[in-house]
Protein chains: 2
Amino acid sequence: MHKLVVLYPQPADPDHFRDYYVTTHLPLVMRMPGLLAWRYSFDVAATQGQTPYFAIFEAEFADAEAMTAARASPQGRQAAADVANYATGGAIVIHYPVQDGIA
Amino acid sequence: MHKLVVLYPQPADPDHFRDYYVTTHLPLVMRMPGLLAWRYSFDVAATQGQTPYFAIFEAEFADAEAMTAARASPQGRQAAADVANYATGGAIVIHYPVQDGIA
């Protein structure tokens, strides 16, 4: 599995972020080819001190090639271009191959 | 589901980090009560520019109460106390309730 994670610092307008994200951005993301599952949260907290991030999004792809193809697709480009419409605090996008286990 | 995510900036000795993490730290983490699943990666990349994080760890719990109990357990305290033994670049620990979906 290959994961893509988007870390969102605090935006200027949290209410607008939450509303726009659910009603407009997520529907664009869900159209990306090869997207196997996704998760998000607007309730990010830190175990120590202030959280550096306001929201987080995770997406799962079969492998790095599938993620690259999804990002390069018209749907992926449209979703990426939409980020500036709500993420006024910026967005850090990381990705990685997963080592996992069941406890 | 409630997730805990640890973001590790670049450590002073990446080889020591990787070796210690797999041979010593993960076995401690896996003993935490209520841990449903976990994932990690030492191959974190950014889609733009340099990645701010060297490694990432994700853990899943049934809910926030289960995560809190796991962190407060003797096993959780031992795992937390062990972080300083390899995470010389620090560690950002965030957690959140998950909204998810299948694409």
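For the structure itself, look to the data block above.
Quantities reported herein were computed from a predicted structural model and do not represent experimental measurements.

Residues and elements named next belong to chain B. Of all five residues in strand β2 (residues 37-41), five are buried, a share of seventy percent or more. Where burial is concerned, the two faces of β2 agree: the one with Ala-37, Arg-39 and Ser-41 and the one with Trp-38 and Tyr-40 are both buried. Pairing analysis gives five bridges linking β2 to strand β4 (residues 55-61), with the strands arranged antiparallel. Bridging from a neighbouring strand, Tyr-40 pairs with Phe-57 of β4.

Turning our eyes to something else, we now look at the side chain of Lys-3 of chain A. Positionally, Lys-3 of chain A belongs in strand β1 (residues 2-8). At a separation of 2.6 Å, a polar atom in the side chain of Lys-3 of chain A contacts the side chain of Glu-58 of chain A. With sequence-adjacent residues up to four places away left out, Lys-3 of chain A is seen in contact with Arg-39, Glu-58, Ala-59, Glu-60, Ile-94, His-95, Tyr-96 and Val-98 of chain A together with Lys-3, Arg-39 and Glu-58 of chain B.

Let us now look at the relation of the copies chain B and chain A. Of the transformation placing chain B onto chain A, the axial shift is 0.0 Å and the rotation is 180°, giving an RMSD of 0.0 Å. Expressed as an axis order, the relation between the two copies is that of a two-fold axis. In this assembly the copies share their binding face: 100% of the residues contributing to the interface of chain B also contribute to that of chain A.

Before going further, it helps to spend a moment on the packing of helix α2 (residues 64-72) of chain B against helix α3 (residues 74-82) of chain B. Residues and elements named next belong to chain B. Relative to each other, α2 and α3 sit at 70°, their axes nearing to 4 Å. Comparing their axes, α3 and α2 come out roughly perpendicular. Each of Ala-70, Arg-71 and Ala-72 in α2 lies in contact with α3, whose residues at this interface are Pro-74, Gly-76 and Arg-77. In terms of residue class, the contact of α2 with α3 is made up of three nonpolar, one polar and two charged.

Taken residue by residue, the interface counts 33 residues in chain B and 33 residues in chain A. Here chain B and chain A share an interface that buries about 2900 Å² over both sides, 61% of which is from carbon and sulfur atoms. Where chain B meets chain A, there are two salt bridges. Glu-58 of chain B is the partner of Lys-3 of chain A in a salt bridge, and the nearest nitrogen-oxygen pair spans 2.8 Å. For the interface between chain B and chain A, the tally reads 13 residue pairs in polar contact (both at pLDDT 80 or more). For the side of chain B that touches chain A, the secondary-structure elements that each account for two or more residues are β1 (2-8), β2, β3 (45-46), β4, β5 (92-97) and β6 (99-102) of chain B. Among the elements that make up the side of chain B that touches chain A, the one with the highest residue count is β5 of chain B (six residues). When grouped by side-chain class, the residues that make up the side of chain B that touches chain A number 21 nonpolar, six polar and six charged. Relative to β3 of chain B, strand β5 (residues 92-97) of chain A is paired through two bridges, and the arrangement is antiparallel. Looking at β3 of chain B, one finds that His-95 of chain A is bridged to Ala-45 of chain B.

Here we take up the pattern of salt bridges. For the coordinates displayed, the defined rule picks out ten salt bridges over all chains. Because the salt bridges share partners, they merge into one network encompassing Lys-3, Arg-39, Glu-58 and Glu-60 of chain A together with Lys-3, Arg-39, Glu-58 and Glu-60 of chain B.

What counts and what doesn't
- Residues numbered from 1 in each chain as written.
- Chains lettered and ligands numbered in written order.
- Predicted model: local features only at pLDDT ≥ 70, side-chain atom pairs only at ≥ 80, totals over all residues.
- Heavy atoms only, no water.
- Buried < 20%, exposed > 50% of the residue type's maximum accessible area, 1.4 Å probe, protein only.
- Helix = DSSP H or I, 4+ residues; strand = E, 2+ residues; numbered from the N terminus.
- Pairing = 2+ DSSP bridges.
- Polar contact = N/O pair within 3.5 Å; in protein donor to acceptor, adjacent residues only side chain to side chain.
- Contact = heavy atoms within 4.5 Å.
- Least-squares fit on C-alpha atoms with pLDDT ≥ 70 in both.
- Axes fitted to C-alpha atoms, helices over the stretch in contact; angles between N-to-C directions.
- Parallel < 35°, antiparallel > 145°, perpendicular 65-115°, else oblique.
- Nonpolar A, V, L, I, M, F, W, Y, C, P; charged D, E, K, R; others polar.
- Buried area = accessible area lost by both parts, 1.4 Å probe.
- Salt bridge = Lys/Arg side-chain N within 4 Å of Asp/Glu carboxyl O.

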